[in-house]
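Secondary and tertiary structure notes
Read off the chains here:
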Amino acid sequence: NIDDVFEIVEKVSADLRKDKTVKSFLVEPVEISGVNEISDYGFEIRAILKTKPSQQYKVRWAFNRLLKQYLESY
């Protein structure tokens with residue numbers, strides 16, 4: 001369900017904003033643009049996290065790690 005995935009992405013963003021190692025790198029909460037692409041195997045959602053300069057990779061890795069954990073538990 002796409003709405004469930006949007007909710008999970010919002011939860012991941014909220015958890016990142018509480019994480020002591022990552023929260024100082026974030027400038028704004030996540031912006032979910034919506035479904036970017038649909039294929040036979042799944043769909044792609046565009047989510048934008050604005051970070052301080054040169055910190056995007058640290059935030060990206062933390063976001064992807066948490067997202068995988070949430071999706072596995074879901």
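It should be emphasised that the depicted structure is a prediction, and the values quoted were computed from it without experimental measurement.

So, how was this worked out
Residues numbered from 1 in each chain as written. Predicted model: local features only at pLDDT ≥ 70, side-chain atom pairs only at ≥ 80, totals over all residues. Heavy atoms only, no water. Helix = DSSP H or I, 4+ residues; strand = E, 2+ residues; numbered from the N terminus. Expected span 1.5 Å × (residues − 1). Buried < 20%, exposed > 50% of the residue type's maximum accessible area, 1.4 Å probe, protein only. Arc of directions from axis to C-beta. Contact = heavy atoms within 4.5 Å. Phe/Tyr/Trp six-rings, centres within 6.5 Å; stacked < 30°, edge-to-face > 60°. Core = buried A, V, L, I, M, F, W, Y, C linked by side-chain atoms within 4.5 Å.

**Regarding helix α2 (residues 56-73)**
With 18 residues, α2 extends 26 Å from end C-alpha to end C-alpha; this agrees with the ideal 26 Å at 1.5 Å per step. Those residues of α2 lying buried are V59, A62, F63, L66 and L67. End-on view of α2: buried residues confined to an arc of 130°, all on one side of the axis. Exposed positions of α2 whose direction lies more than 90 degrees from the buried face are R60, W61, R65 and E72. Where α2 is buried, its residues contact α1 (2-18).

**Details of the packing of aromatic side chains**
How two aromatic rings sit relative to each other is given by the distance of their centres and the angle of their planes. If you walk through the whole model with that rule in mind, you get one aromatic pair. With a centroid separation of 6.2 Å and an interplanar angle of 35°, the aromatic rings of Y57 and W61 are classed as tilted. With Y57 and W61 both in helix α2 and four residues apart, the pair spans about one turn of that helix. According to the relative accessible area criterion, Y57 is partly exposed, its value standing at 45%. Judged by relative accessible area, which is 58%, W61 ranks as exposed.

**Some remarks on the side chain of S13**
By the secondary structure assignment, S13 is in helix α1. If we skip the residues at most four places from it in the chain, S13 touches P29, V30 and L49.

**Looking at the nonpolar core**
Residues V12, L16, V22, F63 and L67 are the most contacted members of the largest nonpolar core, which totals 13 residues. Those elements that provide at least two residues to this core are α1 and α2. Ranked by the residues each element gives to this core, the list is headed by α2, at five residues. When residues no more than four places from it in sequence are discounted, the contact partners of L16 are V22, K23, L26, L49, V59, A62, F63 and L66.

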